[in-house]
Amino acid sequence: TALFSAEKPGAWILLSEDDVMGLGDWVRMGFAHILSGFDHLAFLAALLVCARGPKQVAVVITAFTLSHSLTLGLAALDIFQLSSRFVELVIALSISYVALGGFAREPRRGLWLEAMVFGLVHGLGFAGFLGEALVMEERRLGALVGFNVGVELGQLVFVLPVAFLLVLIRRRTNAQSEWLVPALARRFVAGSVALAGVFWFVERAGWIA
């Protein structure tokens, strides 16, 4: 079967009905993408270790989810675009910036705002990947919804167990600190994530051959 598009002249061949991607395929693609996207997982880890408690974790993750869903949709539908190189560099810097908050004396109260602002950029990063997959897709809105659902499911699979474990440790140790994560573990994770962000920035800037 040869399919043609007025907007994209040319044709591509579908060998069978199995080659047509359904909603479930897009959900799986989004799920796999977030769990293999180590930079996005590192950003989530930075948000977790910089949080004060479970309530702030919920607010911060919600802010991040809403903002990256917005720009993912706008970019995937060709409503708003930025240079992919610029986006990837800002994502790397955002990881290091947020992670460094783990070395502060007190948790940052505006962490939700940071998550929302940087989430806008991370959404453009998701869209850069999704845009390539949507080149030959006629039902773009359904594909976008499925992919985004997969991304959110992947986030939950990562965040919920980690947050639950951190809360359990906090309660078992009767920690009196404002932080969700004990100091030693927080600084180790924050330092590791910050260094990873620097490495990704240097790599994406082309300074590593």
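It should be emphasised that the depicted structure is a prediction, and the values quoted were computed from it without experimental measurement. Residue numbers restart at each chain and count upward from 1, following the sequence in its written direction. In keeping with the predicted nature of the model, local features appear solely for residues at pLDDT of at least 70, side-chain atom pairs appear and are counted solely at 80 or more, and the whole-chain, interface and lining totals rest on all residues. Where side-chain values are given, they derive from all heavy atoms of the structure, hydrogens and water being excluded.

> Help me understand the packing of aromatic side chains, please; the structure alone is not making it clear to me.
By convention here, two paired aromatic rings are described through the distance between centres and the angle between planes. Two rings belonging to Phe, Tyr or Trp (six-membered ring only in the last case) form a pair when the distance between their centres is within 6.5 Å. Interplanar angles under 30 degrees mark stacking, angles over 60 mark edge-to-face geometry, and anything in between is tilted. What the rule picks out here adds up to five aromatic pairs. Residues Phe43 and Phe118 carry aromatic rings whose centres are separated by 6.3 Å and whose planes lie at 80° to one another, so their mutual orientation is edge-to-face. With Phe43 in helix H2 (residues 38–49) and Phe118 in helix H5 (residues 111–133), the pair connects residues that are 75 residues apart, well separated along the chain. Each residue gets one of three labels from its accessible area relative to the maximum for its type: buried under 20%, exposed over 50%, partly exposed in between, using a 1.4 Å probe on protein chains only. For Phe43, a relative accessible area of 0% gives the class buried. An aromatic cluster is present here, built from Phe43, Phe64, Tyr97 and Phe118 joined pairwise through their rings. Only lysine NZ and arginine CZ atoms are considered, and such an atom sits over a ring when it is within 6 Å of the ring centre and within 35 degrees of the ring normal. Across the ring face of Trp179, the terminal group of Arg186 is positioned such that the distance to the ring centre comes to 4.0 Å. Where helices and strands are cited, they refer to DSSP runs of H or I of at least four residues and of E of at least two residues respectively, numbered from the N terminus.

> Looking at this structure, I do not really get the pattern of salt bridges. What am I missing?
A side chain with one charge can pair with a side chain of the opposite charge if their charged atoms come near. Any carboxyl oxygen of Asp or Glu within 4 Å of a side-chain nitrogen of Lys or Arg constitutes a salt bridge here. Per the counting criterion, the structure on display carries five salt bridges. Between Asp78 and Arg140 there is a salt bridge; the shortest N-O distance is 3.3 Å. Residue Asp78 is found in the loop between helix H3 (54–76) and helix H4 (84–100), and its partner Arg140 is found in helix H6 (residues 140–172); the two are separated by 62 residues along the sequence. By relative accessible area, which is 53% here, Asp78 ends up exposed. Accessibility expressed as a relative area gives 22% for Arg140, which makes it partly exposed. Residues Glu88 and Arg204 are paired through a salt bridge, measuring 3.2 Å at the closest nitrogen-oxygen approach. Here Arg204 lies in helix H7 (residues 183–204) and Glu88 lies in helix H4, a separation of 116 residues in the sequence. Classification of Glu88 by relative accessible area gives partly exposed; the value is 24%. When salt bridges with common partners are traced through the structure, they connect Asp39, Glu88 and Arg204 into a single cluster.

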